[in-house]
Amino acid sequence: MKQTKEEGGSVGKEEKKTLLVMKKQDKLLYLCFHLLLNLAEDVNIERKMKKRKIVPYLVLMLDRSDEELLVLACMFLKKLSIFKENVADMLENDVVPRLVKFIASENDNLLGVVLRLLLNLSFDTEALDALVDQGIIPRLISLLSRNRFKEFVLRLLYQLSCTDRGKSVFALTEHVGLIGDNVLQSTQRRVPLELVALAINLTDMERSALSMAQEHRLPRFLQRAMHTGDPLLMKVVRNMSQHHQLTEQLTEFVYDLAQMCTQVDNPELLVECLGVLGNCVDERISWAKIAEDLDMVSFLHKHLVPGFSEDDIVLEIIVILGTLCLDADVGEVLGNERLMGAFVEIVMEKQDDADILLQSIYTLLRLLMIERTRDIVLVSYGEKVVPFLVSHFFHRDPKIRDYADKALDFVMEYDETWAEQIREKKISSPQRSVVECCRGRRRRDARRRVLLRRRD
């Protein structure tokens, strides 16, 4: 049925009346909540407001259309979001979907307070999951071009990148390269903390790292990190270098990177540089020439002296030593009595560290595969090395067991003196373990019997 002119006119009047009433309501609500916000400066009054269920009322205000009221409601919620119980109330009342819709707002004041509120909420795991579900990541990335909000957008993106779900969503977006462009375009000597931290989290996942490496970004990251000495940017490069598809892009910089390692004084930068170098496992690299030209034997020996370097640097030095062994010609360079002695001593001292232990046994395996270093290790330090390998032959970590087994096989193949002893220990070790286990069980049973008698 068609409406008559009179009916259409009456509907128009009703709409105008409704809009007028809503505007008056918005003004009244604005005044009331503004007064309450001022009163909430007193913590005791704020607690009373919490008991009176103010949070659900504020969340409902997000459905209104008056921008001044929306800004005020978000400011009030931001103040309340400092307390965990208030955050729970907000999430229970579906605050996240109501806030996400304002990401596209053209009102800078509203957008600014919404981003600050979302940042406060992002410290809650449930809120983070809700933000990911609402598809906020692509929307936030699109805001990076607006410098006024860039700091808060980066902080929020970083929070989202700390969860596995968030990382997986980042990997599926087409905007990861934009994060890399922002890193390269930074005018500060060191990349801003929020931006580089986000890049570190993203490059830990292979798909995101591959996306960020497009357009020749990885070599430019490395060149900038080497020029500025930024350890966190070098961490980004290190994360990317752990993905085999990207390692080849760094091959041409290996010599310069190794030279930088021998000269840098900053331990934070050194550990990242060593990490990148240790990931360059391309067998075409002439490690023997690099080690000889840069006198890496002295450098490695210095950091292997017990007590000279922190454990994280020691671990990376051991990794580098194993990486150098990829070049069969490196034996003449590494065949140094002092270096091998320092390596063996540090291995004995640090074997309680699981990471150092695993890498040490792998490096020992690599050293035993090269004739020159194998002779020094077995002749000069066999009395320490072989029992060490045997003791970890039955380690609970399967990787450690596997490397220890392979290393002992090399010892038996090239040294008959040790071969028979190793066979005996391999056979007797499990038997000894069974005996010790039975003895331990008998001791526990005896203790239980004594306790039972005492109770009786």
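What you see is a predicted model, and the numbers here were worked out from it, not measured in a lab.

(A) Spatial organisation of the environment of M90. Tracing the backbone through its elements, the reader meets M90 in helix α5 (residues 84-92). Spatially, the C-alpha atoms of M90 and L29 are 19 Å apart, while their sequence positions differ by 61 residues. In contact with M90, not counting residues within four places along its chain, are V55, L77, L80, S81, V95 and L121.

(B) Main features of the environment of H243. As for its position among the elements, H243 is in the loop between α16 (231-241) and α17 (244-247). On the accessibility criterion, H243 (9% relative accessible area) is buried.

(C) A look at the pattern of salt bridges. Under the definition given, this model contains 21 salt bridges. Note that E316 is salt-bridged to R238, the shortest N-O span being 2.6 Å. One end of the pair, E316, is in helix α22 (residues 311-324); the other, R238, is in helix α16, with 78 residues separating them in the sequence. The pair E316 / R238 is uniform in exposure class, with both members buried. Residue K406 is joined to D402 by a salt bridge in which the shortest nitrogen-to-oxygen separation is 3.3 Å. Note that K406 and D402 are positioned in helix α27 (residues 398-414) at a spacing of 4 residues, about one turn of the helix. For K406, a relative accessible area of 38% corresponds to the partly exposed category. A network of salt bridges, in which partner residues are shared, links D63, R98 and K101.

(D) Geometry of a nonpolar patch on the surface. Among the surface-exposed residues, L35, L39 and I45 lie close enough to one another that they form a single nonpolar patch of about 240 Å² accessible area. Note that L35 resides in helix α1 (residues 5-39).

(E) Representation of the packing of helix α21 (residues 296-304) against α22. Look at α21 against α22: their axes get within 9 Å of each other, and the N-to-C directions meet at 145 degrees. Helix-helix and strand crossings are classified by hand; for α21 and α22 the assignment is left-handed. On α22, the residues touching M296, F299, L300, H303 and L304 of α21 are I313, V314, I317, I318, I320, L321 and L324.

(F) Quick peek at helix α4 (residues 67-80). The end-to-end C-alpha distance of α4, which contains 14 residues, comes to 20 Å, matching closely the 20 Å that a straight helix rising 1.5 Å per residue would cover. Those residues of α4 that fall on the buried side of the exposure criterion are L69, L70, V71, L72, A73, C74, F76, L77 and L80. Regarding α4, its N-cap is D66, as a side-chain oxygen of that residue lies 3.3 Å from the backbone nitrogen of E68 further along.

(G) How the structure looks around the layout of surface pockets. The calculated volume of the largest pocket comes to roughly 650 Å³. Mapped by element, the contributors of at least two residues to the lining of the largest pocket are α16, α19 (267-279), α22, α25 (354-368) and α27. When grouped by side-chain class, the residues that make up the lining of the largest pocket number 7 nonpolar, 10 polar and 5 charged. Taken as a whole, the second largest pocket holds about 230 Å³ of empty space. Looking at the lining of the second largest pocket, the elements that each hand over two or more residues are α10 (150-161), α12 (176-185) and α13 (193-203). For the lining of the second largest pocket, the element with the most residues is α10, which contributes 3 residues. Within the lining of the second largest pocket, the residues separate by chemical class into 3 nonpolar, 5 polar and 3 charged.

(H) Structural view of unusual backbone geometry. Of note in the backbone geometry, K53 takes a positive phi value of approximately 65 degrees without being a glycine. With respect to the element layout, K53 can be found in the loop between α2 (43-51) and α3 (54-61).

(I) How the structure looks around α12. Burial of α12 is extensive: 7 of the 10 residues sit out of reach of the surface. Of all the positions in α12, only V176, G177, I179, G180, D181, N182 and V183 are classed as buried. Elements in contact with the buried residues of α12: α10, α11 (164-172), α13, α14 (206-213), α15 (217-228) and α16.

(J) Spotlight on the packing of α3 against α4. Running from N to C, α3 and α4 point in directions that differ by 145 degrees, and their axes come no closer than 9 Å. In the crossing of α3 with α4, the sense of the turn from one axis to the other is left-handed. Each of I54, V55, L58, V59 and M61 in α3 lies in contact with α4, whose residues at this interface are L69, L70, A73, F76, L77 and L80.

(K) Seen up close, the packing of aromatic side chains. On inspection of all chains with the given rule, the structure shows 2 aromatic pairs. Taken together, a centroid distance of 4.6 Å and an interplanar angle of 85 degrees make the contact between F393 and F394 edge-to-face. In this structure F394 comes out as partly exposed when scored by relative accessible area, which is 41%. Cation over ring: R155 sits above F152, and NZ or CZ is 5.7 Å from the ring centre.

(L) Just the confidence of the model for the chain, in detail. Across the chain, the average pLDDT comes to 86, with 91% of residues at or above 70. Confidence drops under a pLDDT of 50 for residues 430-441, and excluding neighbours within four residues, the segment shows 1 contact in the predicted structure. Note on residues 446-452: pLDDT is under 50 here. Beyond four places in sequence and across chains, it has 0 contacts.

(M) Examining the side chain of S161 more closely. Relative to the helices and strands, S161 resides in helix α10. Owing to a relative accessible area of 0%, S161 belongs among the buried residues under this scheme. In terms of polar contacts, S161 uses its side chain to reach the backbone carbonyl oxygen of Y158, at 2.7 Å. Sequence-distant contacts of S161, that is, excluding residues within four places in its chain, are made with K167, F170, L198, N201 and L202.

(N) Structural context of the side chain of T203. Secondary-structure assignment places T203 in helix α13. At 3.5 Å, the side chain of T203 forms a polar contact with the side chain of N239.

(O) Quick look at the nonpolar core. Among the nonpolar cores identified, the biggest contains 152 residues, and V95, L115, L140 and M234 are the most heavily contacted of them. In contact with M234, other than residues within four places in its own chain, are L222, A225, M226, L257, M260, L269, E272, C273 and V276.

About the cut-offs
Residues numbered from 1 in each chain as written. Predicted model: local features only at pLDDT ≥ 70, side-chain atom pairs only at ≥ 80, totals over all residues. Heavy atoms only, no water. Helix = DSSP H or I, 4+ residues; strand = E, 2+ residues; numbered from the N terminus. Contact = heavy atoms within 4.5 Å. Buried < 20%, exposed > 50% of the residue type's maximum accessible area, 1.4 Å probe, protein only. Salt bridge = Lys/Arg side-chain N within 4 Å of Asp/Glu carboxyl O. Patch = residues over 30% accessible without salt bridge, like charges linked within 9 Å, V, L, I, M, F, W, Y side chains within 5 Å. Areas by Shrake-Rupley, 256 points an atom, 1.4 Å probe, with all protein chains shown as cover. Axes fitted to C-alpha atoms, helices over the stretch in contact; angles between N-to-C directions. Left-handed = near helix turned anticlockwise from the far one by under 90°. Expected span 1.5 Å × (residues − 1). Polar contact = N/O pair within 3.5 Å; in protein donor to acceptor, adjacent residues only side chain to side chain. 1 Å grid on protein atoms, 1.4 Å probe; cavity = no way out; pocket = protein on both sides within 12 Å on 5 of 7 lines; lining within 4 Å. Points joined across faces, edges and corners; volume = space filled by probe spheres on them. Nonpolar A, V, L, I, M, F, W, Y, C, P; charged D, E, K, R; others polar. Phe/Tyr/Trp six-rings, centres within 6.5 Å; stacked < 30°, edge-to-face > 60°. Lys NZ or Arg CZ within 6 Å of the ring centre and 35° of its normal. pLDDT = per-residue confidence, 0-100. Core = buried A, V, L, I, M, F, W, Y, C linked by side-chain atoms within 4.5 Å.

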